[in-house]
Every structure is written in C-alpha cells, then in structure tokens.
Amino acid sequence: MDLQLKGKSVLLAGGTRGIGRAAAELLGAEGARVALIGRDADALRSTGKAVRAHGGEAVEIGADLTDQAQAERAVREALERLRRFDAVIHAVGRGFRGAFLDLTEASWREAFEVDFFSAVRLVRLAAPHVPSGGRIVLLGAASGKQPQLGQSLSNTAKAALVNLTSSLAGEFAPLGIAVNCVAPGRVLSARRRERLAAEAERQGVPLERALADDAEGVPVGRHGDPEEVAAMIVFLASPRASYITGQTVLVDGGLVRAI
C-alpha cells in the first residue's frame, strides 16, 4: 500500500534507536522528508544516512527535548528546513523500573520529564506549524493501559500520554489534525535485550531463558520486533489514517486483554 507520504514533511523526535529508528527507515522508504531530533550525534548521523539510503530525505538536529531552550531551537531548525510539519512523531522515552517505596521525588520528576513533558513540549511547539490534514503520533506503552508490577513510574507517565492523546484529539479535530498514540508491548529492542542479558547474568541463567520468561504471557508467544510497531506509527502518520483520531493503538501481541 502506498501510504501517500512521498514528499511529506515529518518531524521525528527520538528516531535514532529501537522503534524510533525503525520508523525513520520506514518513512525513508515511503519517500518522506524527515527532520530527526536526538541527543546522540553518531546515532543521528547513522539514522539520517539510513533514511537517505531508503529513498527519503533527512536532516539531523541534535537536541534534548527535556530542555526547553534546546527543544525550541530544534523545532525552529526543523521548520526552517521543512517549512511545515505534515506529521509530528514523538518517540522519546524509556522504561523506568523500581519498587514504589524505593522511588524518590527526583525519580518521578525524571520519568515524567522524559516520557511525558517532552511530548507536551514538542507538540506545543510544533502544532502551530501542522496544516489541516496533519498527524500527531505519540509513542506510549501497553503499561499505560495495563500497569506492570514494579513499574509505577512508567505506568503512570504512559497513562498520562494516553489521556493527553484523547485530550488533544478533541481540541485539534476542528483544525483537521489527528492525534493518536501507539502503545507497544514487550518489544525486543536493543535496550530490552541488554537489560535482560544483565538480569540473566545476575541470576545465573542463560539469556535464552531470560528471553523466554520475559515473553511468557504474551498470547502470540514471542516478543515483538521494533519494525512491527514502527509500521503502525508510520501508518497513523500518513494520509491513509484519515478517519482515526484520539486512539491508543496497542501493538502488543494480545498482551493487554481489556475490552
């Protein structure tokens, strides 16, 4: 299916690793013009090169969206190059783990700054430059719908993203802008594999055992691939998703079973 993204201008934050990187490459394959925002200069260059290799255009902008001044500069630079944002994708975030009674207030502030306020900041800065027919896609997590044990930080911040998605969809619908969230389950990104490898070493078990235990409970019987989540992100960022807004779409192998 042609997603009608050829020549479209896309602002992608957090597109240098895992799901975000996979989304960047898919956007390139669709012929999009992509402004990449990230903190790691080497990863930015590598991702930009990959986007161009797949047939798209790319500009790399180094910035940390948890910093207001850097976020403002990044969006300004992206706008100078792209002139508008047909789609805005926020794929910044990471998992935060720990028992509730062990968490400090600083931990809560960090989790919300990374997972939630960076999204608020990006959308607030970019939305005035999204035309009618534009798309905003936020990357959340299945834990925002079904909380996971020992992850109260991430559970709460990701749930806030779900609420933000619905709130913005209502406000932006009269402007012709759709807002959606993609919520992946247990996706085997490099970061997740590294965490599981560390846990396996600490417990003295083979990595394969740790991987199998982590995938246990997923109805399809396996981890997801970053590309499987990225496909949904890119679809929702495209003109093809013209009648979808305010939704949090689970890409989780059936992990969340709520109606």
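As shown above, the structure is provided for reference.
Each value, and the rule that gives it
Residues numbered from 1 in each chain as written. Predicted model: local features only at pLDDT ≥ 70, side-chain atom pairs only at ≥ 80, totals over all residues. Heavy atoms only, no water. Pairing = 2+ DSSP bridges. Helix = DSSP H or I, 4+ residues; strand = E, 2+ residues; numbered from the N terminus. Axes fitted to C-alpha atoms, helices over the stretch in contact; angles between N-to-C directions. Buried < 20%, exposed > 50% of the residue type's maximum accessible area, 1.4 Å probe, protein only. Contact = heavy atoms within 4.5 Å. Expected span 1.5 Å × (residues − 1). Arc of directions from axis to C-beta. Right-handed = clockwise from strand over helix to strand, strands pointing away. Phe/Tyr/Trp six-rings, centres within 6.5 Å; stacked < 30°, edge-to-face > 60°.

Draft legend 1. Broad picture of the sheet that holds strand β3 (residues 57–62). An order of β3-β2-β1-β4-β5-β6-β7 is seen for the seven strands of this open sheet, with the pairing classed as parallel. Each end of this open sheet is capped by a strand with a single partner; those strands are β3 and β7 (248–251). Here the average twist between neighbouring strands, direction ignored, is 15 degrees. Relative to strand β2 (residues 33–38), strand β1 (residues 9–13) runs parallel, the two sharing five bridges. Counterpart to Leu11 in the pairing with β2 is Ala35.

Draft legend 2. Geometry of unusual backbone geometry. Even without being a glycine, Gln4 presents a positive backbone phi close to 60 degrees. Its location among the elements puts Gln4 in the segment before β1. By relative accessible area, Gln4 is classed as partly exposed at 39%. Within the chain, Arg83 stands out as a residue other than glycine whose phi angle is a positive 75 degrees. Within the secondary structure, Arg83 sits in the loop between α3 (68–82) and β4 (87–90).

Draft legend 3. Focus on the side chain of His90. Looking at the secondary structure, you find His90 in strand β4. When its relative accessible area of 1% is taken as the criterion, His90 is described as buried. Among residues more than four places away in sequence, those in contact with His90 are Ala13, Leu65, Val114, Asp115, Ser118, Ala119, Leu122, Val137, Leu138 and Leu139.

Draft legend 4. Representation of helix α2 (residues 41–53) within the structure. End to end, α2 covers 18 Å across 13 residues, agreeing with the expected 18 Å (1.5 Å per residue, within 8%). Listed in full, the buried residues belonging to α2 are Ala43, Leu44, Thr47, Gly48, Ala50 and Val51. The buried residues of α2 all sit within an arc of 160 degrees when viewed along its axis, so they share a single face. In α2, the exposed positions angled more than 90 degrees off the buried face are occupied by Asp42, Lys49 and Ala53.

Draft legend 5. Local environment of the pairing of strand β5 (residues 135–139). In terms of residue burial, β5 counts as a mostly covered element, since five of its five residues are buried. Across the two faces of β5 the burial is the same, with Arg135, Val137 and Leu139 and Ile136 and Leu138 all buried. Where β4 and β5 come together, four bridges link them in parallel fashion. Within β5, the residue paired with Ala87 across the bridge is Arg135. As for the winding sense of the linkage, the β-α-β connection from β4 through helix α4 (residues 105–126) to β5 is right-handed. As defined by bridge partners, β5 adjoins strand β6 (residues 178–184) across five bridges and the pair is classed as parallel. Bridged to Leu138 within β6 is Cys181. Where the polypeptide runs from β5 across helix α5 (residues 152–172) and back to β6, its parallel neighbour, the crossover connection is right-handed.

Draft legend 6. A look at the packing of aromatic side chains. Considering all chains together, one arrives at three aromatic pairs under this definition. Measuring from ring centre to ring centre gives 6.2 Å for Phe100 and Trp108, while their planes differ by 70 degrees; the resulting arrangement is edge-to-face. Centroid distance Phe116 to Phe117: 5.2 Å. Interplanar angle 70 degrees. Geometry classified as edge-to-face. Given a relative accessible area of 14%, Phe116 falls into the buried group. Given a relative accessible area of 38%, Phe117 falls into the partly exposed group. Clustering of aromatic rings is evident, with ring pairs tying together Phe112, Phe116 and Phe117.

Draft legend 7. Geometry of the environment of Pro184. Within the secondary structure, Pro184 sits in strand β6. Relative accessible area serves as the criterion here: at 8%, Pro184 is assigned to the buried category. Considered as a pair, Pro184 and Gly38 are 146 residues apart in the sequence and their alpha carbons are 21 Å apart. When neighbours within four sequence positions are excluded, Pro184 is seen to be in contact with Ile19, Leu139, Gly140, Ala141, Ala142, Val229 and Val251.

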